[in-house]
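Chain by chain, the residues run as shown.
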Amino acid sequence: MGKTYARIDGRLRDFIEAQPLFFTATAPLSGDGTVNLSPKGLKGSFAVLDELTVAYLDFAGSTAETVAHLRENGRITLMWCAFQGPPNIVRVHGRGEAVLRDDPRFGELLGHFPDIDPSLHGLRAIILVTAQTVRDSCGYAVPFMTYDEDRDLHARRFAREDDASLSAYFAKKEHIATSLDGLPGLPLPLPPSTV
C-alpha cells in the first residue's frame, strides 16, 4: 500500500513530472501557529534537479507563508496525486529554502525552468527542496478529474508589473513581509534579480 524510496528516480520521477498540480505544506515551530497548505500549478514551474533535489518557482500571491516558514525552520512536504490513470500519491518530505532573487544561485536555478516565462508571473523566489523521505501511497480514494489547461489569469494580472510596482503591490498586502503568525516573510522591497 505504501513504500519509502531512497531517491526520486525512474517511475517516481516520471509520475511527479507528469502532474499538472501539486501541493506544498509548511508550518511554523509554534504549536499554535498556522499550518499552510497551497496548491501549485503552471506548466514548467516545477523541476526535478537530481535524485534528491526538486525546485519550484514562487510567484506573486497574497501571502508568503511558505517563505516565512522555510526561513524559520526549513520543513516542507510536497504532494502529488494521480487524478488520471492508475491511482497514486507521492510525498516528498524534506528541507527547503527560499532562494531569493539576489542570491548568486538564482540565475543558475532559473535555468532549470526553460518552458515558462517567469517575468509574466511576478517571480519572488525559487523554492529549493532537498528530500529526506520519499513515499508513495495508494490514492484509491482520489477522484478522477481532467486537466484541460492552465488558467491565464495569473500571467494576465502580473505581466504588467515591474520590480517597483510589484514591490508596491506586496507592500499593500498584510501577509507578504510578515506571515500570518508574525514571522519574517518576503524581504521588501524585492531585491533586484541577478539575471
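Residues numbered from 1 in each chain as written. Predicted model: local features only at pLDDT ≥ 70, side-chain atom pairs only at ≥ 80, totals over all residues. Heavy atoms only, no water.

A. Quick peek at the packing of aromatic side chains. In total, this model carries 6 aromatic pairs according to the counting rule given. Ring pairing ties together the aromatic residues Phe22, Phe46, Tyr56 and Trp80, which thus form one cluster. Above the face of the Phe158 ring, Arg157 is positioned so that its terminal group lies 4.6 Å from the ring centre. The ring of Tyr169 carries Arg157 above its face, with NZ or CZ at 4.7 Å from the centroid. (Phe/Tyr/Trp six-rings, centres within 6.5 Å; stacked < 30°, edge-to-face > 60°. Lys NZ or Arg CZ within 6 Å of the ring centre and 35° of its normal.)

B. Inspection of the environment of Tyr147 at higher detail. Mapped onto the fold, Tyr147 is located in the loop between strand 8 (125-137) and helix 4 (153-158). In sequence terms Tyr147 and Arg71 are 76 residues apart; their C-alpha atoms lie 33 Å from each other. Ignoring sequence-local partners within four residues, the contact set of Tyr147 consists of Pro20 and Gln84. (Helix = DSSP H or I, 4+ residues; strand = E, 2+ residues; numbered from the N terminus. Contact = heavy atoms within 4.5 Å.)

C. Focus on helix 5 (residues 163-172). Buried within helix 5 are the following residues: Leu166, Ser167, Tyr169 and Phe170. For helix 5, the arc enclosing every buried residue in end-on projection is 160°, short of the 170-degree limit, so these residues lie on one face. Pointing more than 90 degrees away from the buried face of helix 5 are the exposed residues Ala164, Ala171 and Lys172. For helix 5, the elements touching its buried residues are helix 4. Looking at where helix 5 begins, the residue whose side-chain oxygen comes 3.2 Å from the main-chain nitrogen of Ala164 is Asp162. (Buried < 20%, exposed > 50% of the residue type's maximum accessible area, 1.4 Å probe, protein only. Arc of directions from axis to C-beta. Polar contact = N/O pair within 3.5 Å; in protein donor to acceptor, adjacent residues only side chain to side chain.)

D. The arrangement of the pairing of strand 6 (residues 75-81) in detail. As defined by bridge partners, strand 2 (residues 22-26) adjoins strand 6 across 3 bridges and the pair is classed as antiparallel. Looking at strand 6, one finds that Phe23 is bridged to Met79. Here 7 bridges tie strand 6 to strand 7 (residues 89-100), and the two strands are oriented antiparallel to one another. Bridged to Cys81 within strand 7 is Ile89. (Pairing = 2+ DSSP bridges.)

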